[in-house]
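Close look at the chain arrangement
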Amino acid sequence: MLSWEESQSISSMRRDRAWVEVDFGAIGHNIRAIKHLLSPHTDLMAVIKADAYGHGAVTVAQTALKAGAQWLGVATIPEGIELREAGITAPVQVLGATYTPEQLRAMVRWRLQPTLCTPKQALVFSESLSAADLSLPVHVKLDTGMSRLGAPWQAAAQFVQLVHRLPHLQLASVYSHLATADSPDPTMMHLQQERFERAIALIQGAGIELPRLHLANSAATLSDRALHYDMVRVGLGLYGLYPALHLRSRVDLKPALQVKARVTHVKDISAGTGVSYGHRFMADRDLRIAVIGIGYADGVPRNLSDRMQVLLRGHKVRQIGAITMDQMMIDVSRFPDLEPGEVVTLLGDDGKYSISADDWAETLGTISWEILCGFKHRLPRVAVGQPWECCESAAQS
Ligand SMILES: *Cc1c(COP(=O)(O)O)cnc(C)c1O
């Protein structure tokens, strides 16, 4: 494995065109801030699926664990294997669906803990495990209203009883997922919680000792302690974004990700000149424009063409013309001395301005989650600050 210094120097060589900067101090800060909301007996699962929402799964996992997270959540088996190959030993739950004996073998081999959604899946897994005389912790998922994964909550007792009876499955938790926790109207969330409570009562009524229970995503974690149970599963909040405006006052979060690119070419164009494919932008006066080395193949949505700004020398500068696969143009008329090599900020701060994933999401009519995990692997992830600096202060506090 590369040392921190080596990876820093490779990172700086890769900072020649465009990159994603990840502030691990911010991730540590966010975890500590979220942990302050939890009671001491509630665990924190750092949800690091989709390469930690674009921030880099292994480094985020290491940072999260050092800062006090106990569990890691991934969506797929390969995401879990990546953590194990990096030497991470913390418990890892696979939140996505798995159902084949091959997947089961991989999860046993790499000590990943599956989500169980159906009695059939429980039987298939139990049979494969008995053949090899192995056992595996499993997480029973109940559908309380998301209508995605999970057994109907009304069948909780029968399902949990089955899992309990099967000798090679260890019931590690019972959980559910909320569909509307980010809405200012809590009605549906409370209905889901009520169903979860009724499922718990059914399980207890069947004489089964309750395992670990969990329900909350970031939004529910920020909303209400009553939703925390034994563990919260936090994704978006770790990365410093708020799931909804009305939750901003609950906790102070710092965005961890910035997207930067370099000016690669500068030119003057005269009034009446079209810019980029389709000439959707026509200069209405003489302009100085700059090309920057980032495009939609890097994860900047093409639908932001002519609708986004970037930060340069502490100023907001407009992007002009269609965003192309690898490059886009900006209006730099106010900077006559601009040269290739200067850095522009697409997401992040520069001086008194900042542009967030929420700004892009609002323009595009989507959510910040989609913006964050949209950055492609062509953009190197560059760590800023000391990744463990968060942890010294965590140990002191
Ligand atoms: C992605 C996911 C989370 C995390 O959601 P955030 O809103 O990003 O906090 C929690 N639980 C499950 C089951 C998920 O799939």
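Numbering of residues starts from 1 in every chain and runs along the sequence as written. The predicted nature of this model means local features are confined to residues of pLDDT at least 70 and side-chain atom pairs, given and counted, to a pLDDT of 80 or more, with totals for whole chains, interfaces and linings taken over all residues. As a rule here, side-chain values cover all heavy atoms of the structure and leave hydrogens and water aside.

What follows concerns the overall build of the protein. Check the secondary structure of the protein and you find 13 helices and 20 strands. Only C-alpha atoms enter the radius of gyration, while the globule expectation follows 2.2 Å times N to the 0.38, with N the number of residues. Taken over C-alpha atoms, the radius of gyration comes to 24 Å for the protein, in line with the 21 Å a tight globule of 397 residues would show. The 397 residues of the protein split such that 53% are buried. Taking the intrachain contacts of the protein between residues at least 6 apart in sequence as the baseline, contacts between residues at least 24 apart amount to 68%. In this description a helix means any DSSP run of H or I spanning at least four residues, a strand means any run of E spanning at least two, and both kinds are numbered starting from the N terminus. The buried label applies to any residue whose accessible area, calculated with a 1.4 Å probe on protein chains only, is under 20% of its type's maximum; exposed applies above 50%, and partly exposed to all values in between. The contact definition used throughout considers only heavy atoms, calling two residues in contact when any of these lie within 4.5 Å.

Put simply, two rings from Phe, Tyr or Trp (the six-membered ring, in Trp's case) pair if the centres are within 6.5 Å, and we call them stacked under 30 degrees between planes, edge-to-face over 60, tilted for the rest. Per the stated rule, a full pass over the model turns up 3 aromatic pairs. Taken together, a centroid distance of 5.1 Å and an interplanar angle of 85° make the contact between Phe196 and Tyr229 edge-to-face. On the criterion of sequence distance, the pair formed by Phe196 in helix H9 (residues 187-205) and Tyr229 in the loop between helix H10 (218-223) and strand E10 (231-234) is long-range, its members being 33 residues apart. Judged on exposure class, the residue Phe196 and its partner Tyr229 are both buried.

Our focus in this paragraph is the site of the ligand. Lys49, Tyr53, Ser218, Arg233 and Leu236 are the nearest of the 14 residues found near the ligand. In the environment of the ligand, a nitrogen atom lies 2.8 Å from a nitrogen or oxygen atom belonging to the side chain of Arg233. Leu236 is positioned with one of its backbone polar atoms (N or O) 2.8 Å from an oxygen atom of the ligand. Expressed as a share of its isolated accessible area of 390 Å², the protein-covered part of the ligand is 93%. Any residue with a non-hydrogen atom lying within 4 Å of a molecule or strand is treated as near it. Counted as a polar contact is a pair of N or O atoms within 3.5 Å, where, for protein atoms, one must be capable of donating a hydrogen and the other of accepting one, and residues adjacent in sequence contribute only when both atoms are in side chains. In short, Shrake-Rupley with a 1.4 Å probe defines the accessible areas, and a residue's cover is counted only from the protein chains shown.

Along the chain, Gln161 turns up in helix H8 (residues 156-165). Leaving out residues up to four positions away in the same chain, Gln161 has contacts with Ala206 and Ile208.

Each axis is a line fitted through C-alpha atoms, taken for helices only over the stretch in contact, and angles between the N-to-C directions span 0 to 180 degrees. Packing of helix H7 (residues 119-132) against H8 leaves a shortest axis separation of 10 Å and a crossing angle of 0°. Considering the angle they form, H7 stands roughly parallel to H8. The segment H7 lies against H8, with Pro119, Ala122 and Leu123 engaging Phe159, Leu162 and Val163. For classification purposes, angles smaller than 35 degrees are called roughly parallel, those larger than 145 roughly antiparallel, those between 65 and 115 roughly perpendicular, and all remaining angles oblique.

Okay, the nonpolar core next. Note on terminology: a nonpolar core comprises buried Ala, Val, Leu, Ile, Met, Phe, Trp, Tyr and Cys residues joined through side-chain atoms within 4.5 Å. Residues Ile48, Leu83, Ile294, Leu346 and Trp360 are the most contacted members of the largest nonpolar core, which totals 122 residues. Per-element accounting of this core gives the leading share, 6 residues, to helix H2 (residues 24-37). How far each domain reaches was decided by an automatic or database domain assignment. A domain-level breakdown of this core finds at least three residues from each of domain 1 (24-242) and domain 2 (257-355). Not counting residues up to four positions away in its chain, the partners in contact with Leu346 are Val259, Lys260, Ala261, Ile292, Ile294, Val300, Met308, Gln309, Val310, Met328, Ile355 and Trp360.

This next bit is on the pattern of salt bridges. Any carboxyl oxygen of Asp or Glu within 4 Å of a side-chain nitrogen of Lys or Arg constitutes a salt bridge here. Summed over the entire model, instances satisfying the criterion amount to 14 salt bridges. Between Arg17 and Asp298 there is a salt bridge, with its nearest N and O atoms 2.7 Å apart. Of this pair, Arg17 sits in the loop between helix H1 (4-13) and strand E1 (18-23) while Asp298 sits in the loop between strand E14 (287-292) and strand E15 (309-312), placing them 281 residues apart in sequence. Asp331 serves as the salt-bridge partner of Arg318, at 3.0 Å between the closest nitrogen and oxygen. In this pair, Arg318 sits in strand E16 (residues 315-320) while Asp331 sits in strand E17 (residues 328-331), placing the two residues 13 residues apart along the sequence.

This brings us to the confidence of the model for the protein. A score between 0 and 100, pLDDT records how confident the predictor is in each residue. Overall, the predicted model of the protein reaches an average pLDDT of 94, with 94% of residues at or above 70. Throughout residues 390-397 the model reports pLDDT below 50, and contacts reaching past four residues in sequence, or to other chains, amount to 11 contacts.

With that settled, the discussion passes to H8. All of the buried residues in H8 are Ala156, Ala157, Phe159, Val160, Leu162 and Val163. Contacts from the buried residues of H8 go to strand E5 (112-116), H7, strand E6 (136-143), strand E7 (151-152), strand E8 (169-175) and H9.

On to the environment of Gly73. With respect to the helices and strands, the residue Gly73 is situated in strand E3 (residues 71-74). Dropping the residues within four chain positions of it, Gly73 is found in contact with Met45, Ala46, Val47, Ile48, Lys49, Gln93 and Leu95.

Take the side chain of Asn217 next. Relative to the elements of secondary structure, Asn217 occurs in the loop between strand E9 (212-216) and H10. Within the local environment of Asn217, its side chain forms a polar contact with the backbone nitrogen of Ala220, the two atoms lying 3.1 Å apart. Contacts of Asn217, omitting those with residues within four sequence positions, involve His177, Leu178, Ala181 and Arg233.

Moving on, we get to the pairing of E10. In summary, the side chains of a regular strand alternate between the two faces of the sheet. Covered by surrounding structure in E10 are Met231 and Arg233 together with Val232 and Val234, the residues of both alternating faces. Two strands form a pair only when DSSP identifies at least two bridges running between them. Bridging between strand E2 (residues 43-47) and E10 involves 4 bridges; their strand directions are parallel. Counted as the bridge partner of Asp43 is Met231 from E10. With 2 bridges joining them, E9 and E10 adopt parallel strand pairing. Of the residues in E10, the one forming a bridge with Ala216 is Val232. Orienting the strands away from the viewer, one traces the path from the first strand over the helix to the second; a clockwise path indicates a right-handed crossover. Read from E9 through H10 to E10, the crossover connection turns out right-handed.

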